[in-house]
Amino acid sequence: MSSTIIKNGTIVTADLTYKADLRIEGGTITEIGQNLSGGDVLDATGCYVMPGGIDPHTHMQLPFMGTTTMDDFFTGTAAGMAGGNTTIIDFVIPNPQQPIMDAYQTWRGWAEKAAGDYSFHVAITWWDESVRRDMGTLVNQEGVNSFKHFMAYKNAIMCDDETLVNSFKRCLELGAMPTVHAENGELVYLLQKQVAEIGITGPEGHPLSRPPMVEGEAANRAIAIADVLNVPIYVVHVSCIEAAEAIARARARGQRVYGEVLAGHLVVDDSVYRHPDFATAAAHVMSPPFRPKGHQEFLWRGLQSGNLHTTATDHCTFCAAQKAAGKADFSLIPNGCGGVEERLAVLWHEGVNGGRLTPSEFVAITSANAAKLFNI
């Protein structure tokens, strides 16, 4: 078996920074030590040697809002690899009433062409005894250990409270992690109509229909349900002060609540929706939307304090022609932005170079914490 040695680098983990050599055999690190020899040598003098990034929130080849994302599992994971992300966790999203094992097998087939490592969260979009049974099969036979719940997207994939309670309870039985997209879908549905009624149809209407409290309410509700059932919970793409505060309050009470923040929400603000060029503004339509600038520093503080734990991208790419489907109605713009290739560079530049994160904290929020939470 061929051996490669990375010499003279500074190894950075979530816990330690130290000088050492690494031996890699067959794609696996087999030895860490001083003055290793034998095999091909890569000289890492003056370089950091860090774990590959884990992006715990992507959507490759996703059928959504009448179209399908531009990146499939090959192009998306190849882009991720180019940016240092060696693993993604994508989402199996069954249609309502679709057997979840059927959806899972479909996504597994799509993912066979992936260029990097991948795993899946499986969304619970409806409930009956077959869903309960299939969750057990996924955990016990397929290695799935997390289930996603959309509290948004009314009349599509939104979970009602009955489904949340049943699924959370089943997650507790199975030792799986329930995750939530926390936005109140009923409020979004109402606000989209109200914004349109006052004549706002462009991308600037998107953040108006999804204000921060819509996210804060849903986060509080999901956390309360999890607290009553005594199950841990992971809140995806925390974008605002209201949701981050809900997580911090629960953690201060000793509740096991974990928060994910997107690299985009840390560096992009809602002014993008007021760009005079429709294509530019529409390119930034995602949910939750980008927020006023004041929310960004609060999210950085959440990462620094340990109340927010992972960074992701929600990589979900639509081209300009696809986004143009909502030219006359912002609610029809396919929701999604890219970022899987850029995440590590952006977080290093803004986080480490910006004085907000240490190199070890960077490793924690880009790989180690996700690995711990999702048993990778």
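Provided above is the structure to which this section pertains.
None of the values given here were measured: they were computed from a predicted structure. (Residues numbered from 1 in each chain as written. Predicted model: local features only at pLDDT ≥ 70, side-chain atom pairs only at ≥ 80, totals over all residues. Heavy atoms only, no water.)

Next up on the list: the overall build of the protein chain. Helix and strand content of the protein chain: 14 helices and 15 strands. For the protein chain, the C-alpha radius of gyration of 21 Å lies close to 21 Å, the compact-globule estimate for 376 residues. Seen through its C-alpha atoms, the protein chain measures out along the principal axes to roughly 70 × 50 × 45 Å. Of all 376 residues assigned to the protein chain, the portion counted as buried reaches 54%. Taking the contacts inside the protein chain whose residues are at least 6 apart along the sequence as the reference set, 73% of them involve residues at least 24 apart. Counting only carbon and sulfur atoms, one obtains 53% of the accessible surface of the protein chain, whose full area is about 15,700 Å². When the 27 positive and 41 negative side-chain charges of the protein chain are each reduced to one mean point, those points stand 4 Å apart. (Helix = DSSP H or I, 4+ residues; strand = E, 2+ residues; numbered from the N terminus. Rg over C-alpha atoms; globule rule 2.2 N^0.38 Å. Buried < 20%, exposed > 50% of the residue type's maximum accessible area, 1.4 Å probe, protein only. Contact = heavy atoms within 4.5 Å. Areas by Shrake-Rupley, 256 points an atom, 1.4 Å probe, with all protein chains shown as cover. Lys, Arg positive; Asp, Glu negative; His and termini not counted. Charge placed at Lys NZ, Arg CZ, Asp CG, Glu CD.)

Our focus in this paragraph is the sheet that holds strand E12 (residues 177–181). What the eight strands build is an open sheet, ordered E6-E9-E10-E11-E12-E13-E14-E15; its pairing is parallel. Of all strands in the sheet, those with a lone pairing partner are strand E6 (53–55) and strand E15 (310–312), marking the two edges. Averaged over all neighbouring strand pairs, the angle between strand axes comes to 30 degrees, with direction disregarded. Two elements, strand E11 (residues 146–150) and E12, share five bridges in a ladder whose sense is parallel. (Pairing = 2+ DSSP bridges. Axes fitted to C-alpha atoms, helices over the stretch in contact; angles between N-to-C directions.)

This part covers unusual backbone geometry. Both trends apply: most residues other than glycine have a negative phi, and most peptide bonds are in trans. Cis peptide bonds are those with omega within 30 degrees of zero, and the linkage from Ser287 to Pro288 qualifies with -5 degrees. Note on placement: Pro288 falls in the loop between helix H10 (278–283) and helix H11 (294–305). We note that Asn8 has phi near 70 degrees; this positive angle belongs to a residue other than glycine. Among the structural elements, Asn8 can be located in strand E1 (residues 3–12). Backbone geometry places Asn230, a non-glycine residue, at a positive phi of 60 degrees. In this structure, Asn230 sits in the loop between helix H7 (212–229) and strand E13 (233–235).

Our next topic: helix H5 (residues 185–197). Along its 13 residues, H5 runs 19 Å from first to last C-alpha, staying within 8% of the 18 Å computed at 1.5 Å per residue. Restricting attention to buried positions, one finds in H5 the residues Gly185, Val188, Leu191, Gln192 and Val195. For H5, the angular spread of buried residues about the axis comes to 120 degrees, placing them on one side. Of the surrounding elements, those touching the buried residues of H5 are helix H6 (205–209) and H7. Measuring from the backbone nitrogen of Glu186 back to the side-chain oxygen at the start of H5 gives 3.0 Å, which picks out Asn184 as the cap. Gly199 occupies a position one or two residues after H5 and carries a positive phi of about 90 degrees. (Expected span 1.5 Å × (residues − 1). Arc of directions from axis to C-beta. Polar contact = N/O pair within 3.5 Å; in protein donor to acceptor, adjacent residues only side chain to side chain.)

Moving on, we come to helix H2 (residues 100–111). Taking 1.5 Å per residue as the helical rise, H2 with its 12 residues ought to reach 16 Å, and the 16 Å between its terminal C-alpha atoms agrees with that figure. For H2, the full list of buried residues reads Ile100, Met101, Ala103, Tyr104, Trp107 and Ala111. The buried side chains of H2 occupy one side of the element, clustering within an arc of 155 degrees when seen end-on.

Another aspect to go through is the side chain of Asp270. Relative to the helices and strands, Asp270 resides in the loop between helix H9 (263–267) and H10. Under the relative-accessibility criterion, Asp270 is labelled buried at 15%. Ignoring any residue separated from it by four or fewer positions in sequence, one finds Asp270 in contact with Phe290, Arg291 and Pro292.

So, on to the pattern of salt bridges. Scanning the model with the defined rule gives 18 salt bridges in all. Residue Glu129 is joined to Arg132 by a salt bridge in which the shortest nitrogen-to-oxygen separation is 4.0 Å. Of this pair, Glu129 and Arg132 both sit in helix H3 (residues 129–142), three residues apart, roughly one helical turn. According to the relative accessible area criterion, Arg132 is partly exposed, its value standing at 29%. Through salt bridges with shared partners, a single ionic network connects Glu129, Arg132, Lys169, Arg170 and Glu173. (Salt bridge = Lys/Arg side-chain N within 4 Å of Asp/Glu carboxyl O.)

As for its position among the elements, Glu342 is in the loop between helix H12 (320–323) and helix H13 (343–352). Given a relative accessible area of 41%, Glu342 falls into the partly exposed group. Spatially, the C-alpha atoms of Glu342 and Glu215 are 26 Å apart, while their sequence positions differ by 127 residues.

Of the voids in this model, the largest pocket is the one considered here, and its volume is about 780 Å³. If you go around the largest pocket, you meet 41 residues; those closest to its centre are Phe64, Met65, Tyr153, Ala156 and Ile157. Those elements that provide at least two residues to the lining of the largest pocket are strand E7 (63–64), H2, E11 and H5. Along the wall of the second largest pocket there are 17 residues; nearest its centre are Leu22, Ile29, Met50, Pro51 and Gly52. Residue assignment for the lining of the second largest pocket shows that the elements contributing at least two residues are E1, strand E2 (17–25), strand E3 (28–33) and strand E9 (85–92). (1 Å grid on protein atoms, 1.4 Å probe; cavity = no way out; pocket = protein on both sides within 12 Å on 5 of 7 lines; lining within 4 Å. Points joined across faces, edges and corners; volume = space filled by probe spheres on them.)

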